[in-house]
Amino acid sequence: MGEKSRILFDKARQYIPGGVNSPVRAGKAVGVDPLFISRAEGCFLWDAEGDRYIDYVCSWGPMILGHCHPEVVRAIEERISKGTSYGAPTDLEVDMAGIIIDMVPSMEMVRMVNSGTEAAMSAIRLARGFTGRDKIIKFEGCYHGHADSLLVSAGSGVATLGIPGSPGVPENVAQHTISLSFNSLDEVHQAFDRFGAEIAAVIVEPIPGNMGVIVPNIEFLKGLREVTLDNDALLIFDEVISGFRVGPGGAQELYGVLPDLTCLGKIIGGGLPVGAFGGRREIMERMAPEGDIYQAGTLSGNPLAMTAGLVTLKVLRDGDIYEELEKKGKALFTGLEGAARSAGLKVVVNRVGSMGSLFFKEDSVSDFASAKKSDVEMFKRYYSGMLEQRIYLAPSPFEASFLSTAHDEKCIQKTIDCAAASFRSL
Ligand SMILES: *Cc1c(COP(=O)(O)O)cnc(C)c1O
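The shown structure was predicted, so the numbers you read here are calculated from the model rather than taken from an experiment. (Residues numbered from 1 in each chain as written. Predicted model: local features only at pLDDT ≥ 70, side-chain atom pairs only at ≥ 80, totals over all residues. Heavy atoms only, no water.)

Caption draft 1: Highlighting the site of the ligand. By nearness alone, every residue bordering the ligand is listed as S115, G116, T117, Y143, H144, G145, E205, N210, D238, V240, I241 and K266. Here an oxygen atom of the ligand sits 3.0 Å away from a polar atom, N or O, in the side chain of N210. Within the side chain of K266, a nitrogen or oxygen atom sits 2.6 Å from an oxygen atom of the ligand. (Near = heavy atom within 4 Å. Polar contact = N/O pair within 3.5 Å; in protein donor to acceptor, adjacent residues only side chain to side chain.)

Here is the structure:
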């Protein structure tokens, strides 16, 4: 870390808890203090020192077109002189809803919010209101933002009630959340056997990206669809990462499993703060003011955020982006895997399209328990080695790396070469 980032971090820690506005940024998981960023363009970031890095965080997913995509920048510049917020409806929101509904197969209606947290929190309230039930099932290692019901750890043993995932989450809220192992349909069936008539919804990241990338077993996703239908519970796909990342219609289109409700965020804001949730008309019509389930937002549907998101989605819809991203993702991750093997290291690479993770582990990583068995100390050394060579990875062994259309062959090859050097020194 450069001197300027160090000075800024010292100051930040006096004013902001831990010096950051979102915990993972502090780099505690890798034992490296954060870089303070001064600007970005394409696949590059520049830190406060002026040093340039190849960026695989991409703002944790949103920057799928790279930083400062010319069309996105132009649209925001044009829009900003017309005012930044009105608290009243605009044509942009109608266009945004239209393009989302067009592209995401299961969505018939949608409501815009300001973050992924809000999207998941609101979808849970809607599911509870719609079914008249309180309990929800989630999966260990899946992240759905930090709302109370969703910040819950697994209890001991299968199908026990959840325990608060943070001080401040009341036990009597956590007890309505059942936390199970991802990819384990058996556990889901046991939970439904025991609590079936009380379960409002199953919420899942169809392609988990928050314990590192996990590739779902398609039978698992299909099984979730069946068991929720059989028990009159709702299936909620949290596609805040996978939506518009793994294909124009997200994981639901890729795997052909349609949920009742979908949560979106990240990419749909084109780098501005946005979330959305939506799904079947019959359910969405229960939302206020049409229906009786309350949810609201002063800045929801913000014209600048809608503008950035709309342009991004149009580029994704109209370009040949996903084939290109698949090629790039394959080149990067097979390159990394090969480099690790050549250095005699045992690694597992999990990838879907342009999102992927490398774990230092011998056998497969299919859920949180197996992800946690990877060698975290080894990852820390790898991370530092990459950072020294100006490759910016997510500062945690349990996060995804993301590619954008701006990552070209040259920077991918450079990344693989740097990784090879880093692997050899482990
Ligand atoms: C990032 C993320 C969220 C939370 O979104 P925020 O905008 O950070 O509140 C929710 N779900 C998933 C799957 C995410 O990756």
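Caption draft 2: Quick peek at the pattern of salt bridges. Enumeration over the complete set of coordinates arrives at 16 salt bridges. Among the salt bridges present, the one from D292 reaches R286, with a minimum N-O distance of 2.9 Å. Overall, R286 belongs to the partly exposed group, its relative accessible area being 26%. In this structure, the salt-bridge partner of K361 is D363, at a minimum N-O distance of 2.5 Å. Judged by relative accessible area, which is 49%, D363 ranks as partly exposed. Among the ionic contacts, a cluster of salt bridges with common partners joins E3, R6, D10 and R13. (Salt bridge = Lys/Arg side-chain N within 4 Å of Asp/Glu carboxyl O. Buried < 20%, exposed > 50% of the residue type's maximum accessible area, 1.4 Å probe, protein only.)

Caption draft 3: Region of the structure containing helix α11 (residues 321–342). In a regular helix each residue adds 1.5 Å, so 22 residues correspond to 32 Å; α11 covers 31 Å between its end C-alpha atoms and thus fits that length. Along α11, the residues that are buried comprise I321, Y322, L325, K328, G329, L332, F333, G335, L336, A339 and A340. Buried residues of α11 fall within an arc of 165 degrees about the axis and therefore sit on the same side. Exposed residues on α11 whose side chains face more than 90 degrees from its buried face are E323, K327 and S342. Among the structural elements, α10 (303–318), β13 (348–352), β14 (355–359), α13 (376–388), β16 (401–402) and α14 (409–424) are those in contact with the buried residues of α11. A positive phi of about 80 degrees marks G344, the residue just after α11. (Helix = DSSP H or I, 4+ residues; strand = E, 2+ residues; numbered from the N terminus. Expected span 1.5 Å × (residues − 1). Arc of directions from axis to C-beta. Contact = heavy atoms within 4.5 Å.)

Caption draft 4: Quick peek at the nonpolar core. By size, the foremost hydrophobic cluster in this structure holds 41 residues, and its most contacted members are Y56, F360, Y382 and F423. Looking at this core, the elements with two or more residues in it are β2 (44–47), β3 (52–55), α11, α13, β15 (391–392) and α14. The dominant element in this core, judged by the number of residues it contributes, is α14, at seven residues. Those residues within four positions of F360 in sequence are excluded, and the remaining contacts are L345, K346, V347, S374, D375, M378, F379, Y382, F423 and L426. Within the second largest apolar cluster, 40 residues are counted, among which are M63, I178, V204 and V213. (Core = buried A, V, L, I, M, F, W, Y, C linked by side-chain atoms within 4.5 Å.)

Caption draft 5: A look at the environment of L261. Structurally, L261 can be placed in strand β11 (residues 261–265). Each C-alpha atom, one on L261 and one on S106, is 7.7 Å from the other, the two residues being 155 residues apart in sequence.

Caption draft 6: Region of the structure containing the sheet that holds strand β4 (residues 109–113). On the basis of which strands lie adjacent, the open sheet formed by seven strands has the order β4-β12-β11-β10-β9-β5-β8 and mixed pairing. Strands with a single pairing partner mark the edges of an open sheet, and in this sheet they are β4 and β8 (177–180). The mean inter-strand angle of the sheet, taken between neighbouring strand axes irrespective of direction, is 20 degrees. Of the pairings in the sheet, the one linking strand β5 (residues 135–139) to strand β9 (residues 199–204) comprises three bridges and is parallel in character. (Pairing = 2+ DSSP bridges. Axes fitted to C-alpha atoms, helices over the stretch in contact; angles between N-to-C directions.)

Caption draft 7: Quick look at the packing of aromatic side chains. By the definition in use, this model includes ten aromatic pairs. Measuring from centroid to centroid gives 6.2 Å for F139 and F182, while their planes differ by 90 degrees, and the two rings are edge-to-face. Here F182 lies in the loop between β8 and α6 (185–195) and F139 lies in strand β5, a separation of 43 residues in the sequence. Here the two residues F139 and F182 agree in accessibility, since each one is buried. Following the ring pairs from residue to residue traces out a cluster consisting of F360, F379, Y382 and F423. Taking the ring centre of W46 as reference, the NZ or CZ of R39 above it sits at 3.8 Å. Between K135 and the ring centre of F195, over which it is positioned, the NZ or CZ distance is 5.7 Å. (Phe/Tyr/Trp six-rings, centres within 6.5 Å; stacked < 30°, edge-to-face > 60°. Lys NZ or Arg CZ within 6 Å of the ring centre and 35° of its normal.)

Caption draft 8: Representation of the packing of α13 against α14 within the structure. At a minimum axis separation of 9 Å, α13 and α14 run at an interaxial angle of 130 degrees. Relative to α14, the element α13 lies oblique. Every pair of crossing elements has a handedness; the one defined by α13 and α14 is right-handed. Residue-level contacts link R381, Y382, G385 and M386 of α13 to T415, C418, A419, S422 and F423 of α14. The residue inventory of the contact of α13 with α14, partitioned by class, reads five nonpolar, three polar and one charged. (Parallel < 35°, antiparallel > 145°, perpendicular 65-115°, else oblique. Left-handed = near helix turned anticlockwise from the far one by under 90°. Nonpolar A, V, L, I, M, F, W, Y, C, P; charged D, E, K, R; others polar.)

Caption draft 9: Expanded view of the side chain of D55. Within the secondary structure, D55 sits in strand β3. Among buried charged residues, D55 stands out as having no salt bridge; its nearest opposite-charge side chain is R245, 9.4 Å away. Of note is the side chain of D55, whose polar atom sits 2.7 Å from the side chain of H67. Not counting the four nearest positions on each side in its chain, D55 is found in contact with C43, L45, H67, Y392, F402 and H407. (Lys, Arg positive; Asp, Glu negative; His and termini not counted.)

Caption draft 10: Structural detail: α6. Among all positions of α6, only E187, V188, A191, F192 and F195 are buried. Taken around the axis of α6, the buried residues stretch over an arc of 135 degrees, which confines them to a single face. Away from the buried face of α6 by more than 90 degrees, exposed residues D186, D193 and R194 are located. Buried residues belonging to α6 abut β5, β8, β9 and α7 (218–230).

Caption draft 11: Spotlight on unusual backbone geometry. The step from A288 to P289 runs through a cis peptide bond, and the omega angle for that step is 5 degrees. Within the secondary structure layout, P289 lies in the loop between α9 (281–284) and α10. Phi at S59 takes a positive value of approximately 60 degrees, unusual for a residue other than glycine. As for its placement among the helices and strands, S59 is situated in the loop between β3 and α2 (70–80).

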